[in-house]
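Here is what each chain is made of, one letter per residue.
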Amino acid sequence: MVVGCMAEQYRDAMKKRVPEIDYVLGTFQKQSFGLILDQIQAGTTYDLSDESPSYVFSKSHHEAGAFRAFVPIMHGCNNFCSYCIVPYVRGREISRRPADILAELDALEDAGVREVTLLGQNVNSYSWKGPEGQLDFPALLRLVAAHLREKRGMGIGDGADGGADGGAAGTPGTGGAGSRGGIGWIRFLTSHPKDLSDELIRVIAEEPVFCRHIHLCIQSGSDRVLGLMNRKYTRDYFLGLVTKMRSAIPGLSLSTDILVGFPGETEENLEETLDIMRKVRFAYSFMYYFNPREGTPAVKLEGKVPDKIKKARLARVIALQKEISTSLMEERLGSRDEILVENRSRRSSKEMLGRTARDEMVVFAADPSRIGGFARVKLSGISGNTFRAEEVDE
Ligand code: SF4
């Protein structure tokens, strides 16, 4: 049995090449997995053609003992970026029922989870219509924040978890998690710039539970290339959005995806990407060069960039990002922040690895019993892409 969205796309070719494959399950049929196993155990076969496929979100995404969890809130994508296979293999956007999301958050909190990442190919376009009413992504985030407050027996907006008053318990991005236990931090992935609304910026600014870190994919700094990619925004729009977000959300950290060597990309276009990287100063980037995906429009675009040039351009983008990341880290030295302690450090059993709400990795001396809890640290040094720190009281 082969499972997954790519498996579904290549179903016939795979079955032809490997006749031993009995079942190929797409993401819309994953609920059949258990039924198939039951039938095999009973010595019979399962007829997949009986299924009218519809996407079903799993109820739980928790790994036993883990204190971080990823909670899908939507599936599929309607954007059709010209290089991306997702809309073809995962289908159109489907949003998860808000009550199911809250129920999963409750279960995760009860299981000791402290940090949750809400997942979707484009979370900003979350849209639920049902008997409960109509909810977009900012409304879902407000619902989640209010729900977590209510669960702790506090009224909405009573500021008992810090709120806008500041102070240790209310530091933006920390949610005062250290003092209240339970889910202290919520992140979300991935944000498409064209759908990041003013209301979403307001929610993040007003609700301390949401981490002050947003992964906002830019892909290119050239309007011409963005057009060819069908990204539906321009570099000026992106720069304006960043200015708006940074003035509304102090301390906001941004990361991104950058794709170089797209068909038709010129030296000048690459310079525009390097220029926007210098202007925005992303904390980190996922950088890659164009690799055609069969079945996407980009495969047919003219002006293929030779591999050697793609690799050379990628090297320039990586070198610049390294420079920017290091300079941003140096600016942070001496500041204090809250971290969620994740694991033992790889280098020393007496040191723990944690992460700030801004998604910065931090190593500090502590006992392994601290794993899964929050700590306040002072950032005192840099080792590669990780901060060294010492624990402080305030
Ligand atoms: S790159 Fe992201 S937004 Fe674009 S089609 Fe793929 S999943 Fe959707």
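Heads up: the structure comes first, above all this text.
Residues numbered from 1 in each chain as written. Predicted model: local features only at pLDDT ≥ 70, side-chain atom pairs only at ≥ 80, totals over all residues. Heavy atoms only, no water.

Colleague: Talk me through the site of the ligand; I want residue IDs and the actual numbers.
Modeller: The environment of the ligand is formed by C77, N79, F80, C81, Y83, C84, V86, P87, Q121, H192 and R231. A majority-of-atoms criterion places the ligand in the second largest pocket. Among the residues making up the shell around the ligand, the classes are represented as seven nonpolar, three polar and one charged. (Near = heavy atom within 4 Å. 1 Å grid on protein atoms, 1.4 Å probe; cavity = no way out; pocket = protein on both sides within 12 Å on 5 of 7 lines; lining within 4 Å. Sits in = over half its atoms within 2 Å of the grid points. Nonpolar A, V, L, I, M, F, W, Y, C, P; charged D, E, K, R; others polar.)

Colleague: Pulling in residues and values, what's your account of the layout of surface pockets?
Modeller: What the largest pocket holds in volume is close to 850 Å³. Taken together, 37 residues form the lining of the largest pocket, with A283, Y284, R358, D359 and E360 sitting closest to its centre. At the level of secondary structure, the elements contributing two or more residues to the lining of the largest pocket comprise β3 (68-72), β6 (115-119), β9 (185-189), β10 (213-215), β11 (253-260), β12 (284-289) and α12 (307-332). A per-element tally of the lining of the largest pocket places α12 first, with eight residues. Two domains each put at least three residues into the lining of the largest pocket: domain 2 (68-332) and domain 3 (336-391). (Points joined across faces, edges and corners; volume = space filled by probe spheres on them. Helix = DSSP H or I, 4+ residues; strand = E, 2+ residues; numbered from the N terminus. Domains from an automatic or database assignment.)

Colleague: Summarise the nonpolar core; cite the residues concerned and give the values.
Modeller: I73, Y126, F137, I214, F238 and M245 are the most contacted members of the largest nonpolar core, which has 56 residues in total. A total of six residues in this core trace back to one element, the largest contributor, which is helix α6 (residues 137-151). Not counting residues within four places of it along the chain, the set of residues in contact with Y126 comprises I73, M74, S95, R96, R97, P98, I101, L135, D136, F137 and L140. Core analysis: the next-biggest nonpolar cluster, separate from the first, contains twelve residues, M329, V362, F364 and A389 among them. (Core = buried A, V, L, I, M, F, W, Y, C linked by side-chain atoms within 4.5 Å. Buried < 20%, exposed > 50% of the residue type's maximum accessible area, 1.4 Å probe, protein only. Contact = heavy atoms within 4.5 Å.)

Colleague: Can you explain the side chain of N124? Please cite residues and give values.
Modeller: Within the element layout of this structure, N124 appears in the loop between β6 and β7 (127-130). Take N124: its relative accessible area is 8%, and that puts it in the buried class. Separated by 3.3 Å, the side chains of N124 and S191 make a polar contact. A distance of 3.1 Å separates a polar side-chain atom of N124 from the backbone oxygen of H192. (Polar contact = N/O pair within 3.5 Å; in protein donor to acceptor, adjacent residues only side chain to side chain.)

Colleague: How would you explain the pattern of salt bridges if you had to name every residue and give the values?
Modeller: A side chain of one charge can pair with a side chain of the opposite charge when the charged atoms of the two come close. With the rule as written, the count across this model stands at 29 salt bridges. Note that R235 and D275 form a salt bridge whose closest N and O atoms lie 2.6 Å from each other. Here R235, found in helix α10 (residues 235-248), pairs with D275, found in helix α11 (residues 267-280); they are 40 residues apart in sequence, far enough to count as distant. Between D337 and R332 there is a salt bridge, and its shortest N-O distance comes to 2.8 Å. Given a relative accessible area of 13%, R332 falls into the buried group. A single salt-bridge network, built from bridges that share partners, covers R68, E115, R187, E342, R355 and D359. (Salt bridge = Lys/Arg side-chain N within 4 Å of Asp/Glu carboxyl O.)

From the geometry alone we can't say anything about function, so treat these as descriptive.
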